[in-house]
Amino acid sequence: MTTLEANPATQTTNEVLLEAEGLKKYFPVTKGLLISKVTGWIKAVDGVSFQVRAGETLGIVGESGCGKSTTAKMLLMLEEPTEGTIRYQGQEIRNASSEQRRAYRSSVQAVFQDPWSSLNPRMRVRDLIAEPMVINLNLSRREMQDRVTKLLGDVGLSNYHANLYPHEFSGGQRQRLAIARALSVEPRVIVLDEPVSALDVSIRAQIMNLLKDLQEEYNVSYLLIAHHLATVRYMCDWVAVMYLGQIVEFGPTKELFQNASHPYTKALMNAALPSHPDIEQEEMILTGEVPSPLNPPEGCRFHPRCPFVMERCSRDIPEVTELAPGHVVSCHLY
């Protein structure tokens, strides 16, 4: 099966930190209570490849159910891949030793979507932020206290907040605490799984600006999972567009937004409001529902909903075509 990935030769020269190659995750569908029998497989992620480079942000965008969060869970070792390879700084992770896997977990942290459930309500803020340091770093109590104080300041809170519990904070403040906790062990990569979608619109810009400032200060890389295109455009250096478990288009953010090529990418952008009321957009309305990942269509998976469908789309898997440096698309139109 053809997989879409960034061409390393056309990306920046920054060090590759995290790499996925041919990543797949199939969930079994079973029948029967006492003696269960596998009757099929839900192909949540079906052969995705990408790279996250030092100091950069890669965004993965797509509709709900396209496999974005499942991909993130595999990278965080919360789900075991069915097939494929995950490498961190060139080291394969799936078959690594327990010591290497522990170091990987420390280097790749996460900030989840819901700040109301991602923090332990029974722990004070100072203990929440210090807990990863206790597990992963050999620091004295004084050093941990100083680091907690600095992290709180970095995310726009004060040392006074260290003695409070999570329920005493607003949603935006809780997300700041989650970011401070993720930064506490000095990770190289942070997976941001819809980090602002559960927040009020008035708070989202503040958190996005905070994330960009912290990226520059800590030289950390982000893998941003999102469905809000404005967030992706503002935050990301590279964008991967997913549909039904596969990446259909990949490219530098500016290039991809100016020259969206895959019909699905165009439809996503057409569904978003323009940045100015006078901007005219190409009208594109998708028909039908997203096919089931239990039985995805043959050939191009988007062809049942594509307004430009051709006979070969239902038969042949499209090849990967490079349209511009770093901008690749998987579509028979090209």
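The name given to the chain in an unreviewed UniProt entry is Oligopeptide transport ATP-binding protein AppF, and the organism recorded there is Geodia barretti.

J.: Tell me what's going on with the overall build of the chain, and back it up with residues and numbers.
T.: On a plain count of helices and strands, the chain comes out with nine helices and twelve strands. Over its C-alpha trace the chain gives a radius of gyration of 21 Å, about what one expects of a compact globule, namely 20 Å for 334 residues. Projecting the C-alpha coordinates of the chain onto the three principal axes gives extents of approximately 70 × 60 × 40 Å. For the chain, the residues scored as buried account for 49% of the 334 residues in total.

J.: Now, about a nonpolar patch on the surface: what can you tell me, with residues and values included?
T.: A surface patch of nonpolar side chains, amounting to about 400 Å² of accessible area, comprises Phe-308, Met-310, Leu-323, Leu-333 and Tyr-334. The residue Leu-323 is located in strand E11 (residues 320-324) in this model.

J.: Give a detailed account of the confidence of the model for the chain, specifying residues and quantitative values.
T.: Looking at the chain, pLDDT values average 87 and 92% of them are 70 or higher. At the level of individual helices and strands, the chain shows its lowest average pLDDT in helix H9 (residues 263-271), which scores 86, and its highest in strand E3 (residues 57-61), which scores 95. Under a pLDDT of 50 for its full length, residues 6-11 has, in the predicted model, twelve contacts with residues more than four places off or in other chains.

J.: Lay out the layout of surface pockets with the relevant residues and their values.
T.: Roughly 460 Å³ of volume is contained in the second largest pocket. Around the second largest pocket, the lining is made up of 18 residues, and of these Arg-105, Gln-109, Ala-110, Phe-112 and Arg-181 lie nearest the centre. Of all elements in the fold, only helix H2 (98-107), strand E6 (108-111), helix H3 (125-136) and helix H5 (171-183) reach the threshold of two or more residues within the lining of the second largest pocket. By residue number, the principal contributor to the lining of the second largest pocket is E6, which donates four residues. Across the lining of the second largest pocket, the residue classes break down as eleven nonpolar, four polar and three charged.

J.: Give a detailed account of the packing of H5 against helix H6 (residues 201-218), specifying residues and quantitative values.
T.: Taken N-terminus to C-terminus, the directions of H5 and H6 make an angle of 15°; their axes are 10 Å apart at the nearest point. The angle between the axes of H5 and H6 places the two elements in the roughly parallel class. Classified by chirality, the crossing of H6 by H5 is right-handed. Residue-level inspection shows Gly-172, Gln-175, Arg-176, Ile-179 and Leu-183 of H5 in contact with H6, the latter providing Ile-203, Gln-206, Ile-207, Leu-210, Leu-211, Leu-214 and Tyr-218. A class-by-class count of the residues in the contact of H5 with H6 yields eight nonpolar, three polar and one charged.

J.: I'd like a description of the sheet that holds strand E4 (residues 83-88), backed by residues and values.
T.: A sheet is described by the order of its strands in space; here four strands give the open sequence E2-E1-E4-E5, paired in antiparallel fashion. The sheet is open, and its two borders are formed by strand E2 (37-53) and strand E5 (91-92), each paired with just one other strand. In the sheet, strand E1 (residues 16-31) pairs with E2 via 13 bridges, with the strands oriented antiparallel. Bridge assignment links Val-29 to a residue of E2, and that residue is Gly-40. Lying on the sheet, helix H1 (residues 68-75) is in contact with E1, E2 and E4; it crosses E1 at an angle near 115°.

J.: Run through the packing of aromatic side chains, naming residues and quoting values.
T.: Inspection of every chain in the model, using the stated rule, returns five aromatic pairs. The structure contains a cluster of three or more aromatic residues connected by ring pairs, namely Tyr-243, Tyr-264 and Phe-302. The ring of Tyr-234 has Lys-212 sitting right over it, with the charged end atom 5.1 Å from the ring centre.

The rules behind each value
Residues numbered from 1 in each chain as written. Predicted model: local features only at pLDDT ≥ 70, side-chain atom pairs only at ≥ 80, totals over all residues. Heavy atoms only, no water. Helix = DSSP H or I, 4+ residues; strand = E, 2+ residues; numbered from the N terminus. Rg over C-alpha atoms; globule rule 2.2 N^0.38 Å. Buried < 20%, exposed > 50% of the residue type's maximum accessible area, 1.4 Å probe, protein only. Patch = residues over 30% accessible without salt bridge, like charges linked within 9 Å, V, L, I, M, F, W, Y side chains within 5 Å. Areas by Shrake-Rupley, 256 points an atom, 1.4 Å probe, with all protein chains shown as cover. Salt bridge = Lys/Arg side-chain N within 4 Å of Asp/Glu carboxyl O. pLDDT = per-residue confidence, 0-100. Contact = heavy atoms within 4.5 Å. 1 Å grid on protein atoms, 1.4 Å probe; cavity = no way out; pocket = protein on both sides within 12 Å on 5 of 7 lines; lining within 4 Å. Points joined across faces, edges and corners; volume = space filled by probe spheres on them. Nonpolar A, V, L, I, M, F, W, Y, C, P; charged D, E, K, R; others polar. Axes fitted to C-alpha atoms, helices over the stretch in contact; angles between N-to-C directions. Parallel < 35°, antiparallel > 145°, perpendicular 65-115°, else oblique. Left-handed = near helix turned anticlockwise from the far one by under 90°. Pairing = 2+ DSSP bridges. Phe/Tyr/Trp six-rings, centres within 6.5 Å; stacked < 30°, edge-to-face > 60°. Lys NZ or Arg CZ within 6 Å of the ring centre and 35° of its normal.

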